Amino acid sequence: MMKLYWSPRSRSFSSLWLMEEAGQPYERVLTDISTGAQKTPEFLAINPMGKVPALKDGDSTLAEAAAICAYVAERYPAAKLAPPLGDPLRAKYLYWLFFAPGCIEPAMVQLATKIEMNSVAAGWGDAQRVFDVLDAALAKGPWILGESFSAADIAVGSGLNFAVRLFKMAPTRPSFDRYIDRCAARPAFQRASVIAAG
Ligand SMILES: N[C@@H](CCC(=O)N[C@@H](CS)C(=O)NCC(=O)O)C(=O)O
């Protein structure tokens, strides 16, 4: 059984949501970052970055929320959390899966810290560009790939929920509100929210 290392009220939320969507039994291993549990040698052997979420599957270990999305979607194909190999939608799936940590995350940090960057050199451009691109992509919906929900929605939806709804780092927009509401209506999201609250 997979083991998910998580901490309340943290980025672990996306992995909790993912595991709840996957619908397979998993073990939750509380790794409370407020107690320093992420700095023990046992945990650092799983994620040398000392950050949650992290996942153990047999002898395999990994971390980084988006990588966990990709891994679990592949391990449990019946859950249909990723377009299968060869499906043309896979291009956009990978794009959004990488966009979440590559663009949404740094945009959030930039908004929170107000650090000025050269937008040509910064890989995510700037927060305005990131949120404009997301706005256009979510204008139609219902999901980031169109009709089918996927693990990319878990990566993007968790990031947007944090940035615009929970921490109000960026002003919301009608497309974001509709999308976050749709994500939040999913039973797996709701179960994960209860768990993540600690
Ligand atoms: N890049 C990581 C970020 C994970 C992360 O920053 N986790 C925070 C909690 S939200 C953490 O574990 N912090 C504990 C620490 O740095 O000591 C991911 O996407 O999973």
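Structure: above.
Residues numbered from 1 in each chain as written. Predicted model: local features only at pLDDT ≥ 70, side-chain atom pairs only at ≥ 80, totals over all residues.

### What about the sheet that holds strand E3 (residues 54–57)?
- On the basis of which strands lie adjacent, the open sheet formed by four strands has the order E2-E1-E3-E4 and mixed pairing. At either end of the open sheet lies a strand with only one pairing partner, and these are strand E2 (26–30) and strand E4 (60–63). Across this sheet, the average inter-strand angle for adjacent strands is 20 degrees, counted without regard to direction.
- Two strands pair when backbone bridges link them, and E3 and E4 are joined in this way by four bridges, in the antiparallel orientation. Bridge assignment links Lys-56 to a residue of E4, and that residue is Thr-61.
- Against the sheet, helix H1 (residues 12–22) contacts strand E1 (2–6), E2 and E3, and its axis sits at roughly 150 degrees relative to E1. (Pairing = 2+ DSSP bridges. Helix = DSSP H or I, 4+ residues; strand = E, 2+ residues; numbered from the N terminus. Axes fitted to C-alpha atoms, helices over the stretch in contact; angles between N-to-C directions. Contact = placed C-beta atoms within 7 Å.)

### Describing the pairing of E3
- Pairing of E1 with E3 involves three bridges; the strand directions are antiparallel. Bridge pairing in E3 places Leu-4 opposite Leu-55.
- Between E3 and E4, which pair antiparallel in sequence order, lie two residues; one of them, Gly-58, sits at a positive phi of approximately 60 degrees.

### Brief notes about the site of the ligand
- If you check the shell around the ligand, you find Ser-10, Arg-11, Ile-33, Gln-38, Gly-50, Lys-51, Val-52, Pro-53, Glu-64, Ala-65 and Pro-101 and nothing else.
- Its residues assigned to classes, the shell around the ligand comprises five nonpolar, three polar and three charged. (Near = placed C-beta within 6 Å. Nonpolar A, V, L, I, M, F, W, Y, C, P; charged D, E, K, R; others polar.)

### Some words on the pairing of E1
- Alignment of E1 against E2, held across five bridges, turns out to be parallel. Pairing of Leu-4 across the sheet is with Arg-28, part of E2.
- Between E1 and its parallel partner E2, the chain crosses via H1, and the hand of that crossover is right-handed. (Right-handed = clockwise from strand over helix to strand, strands pointing away.)

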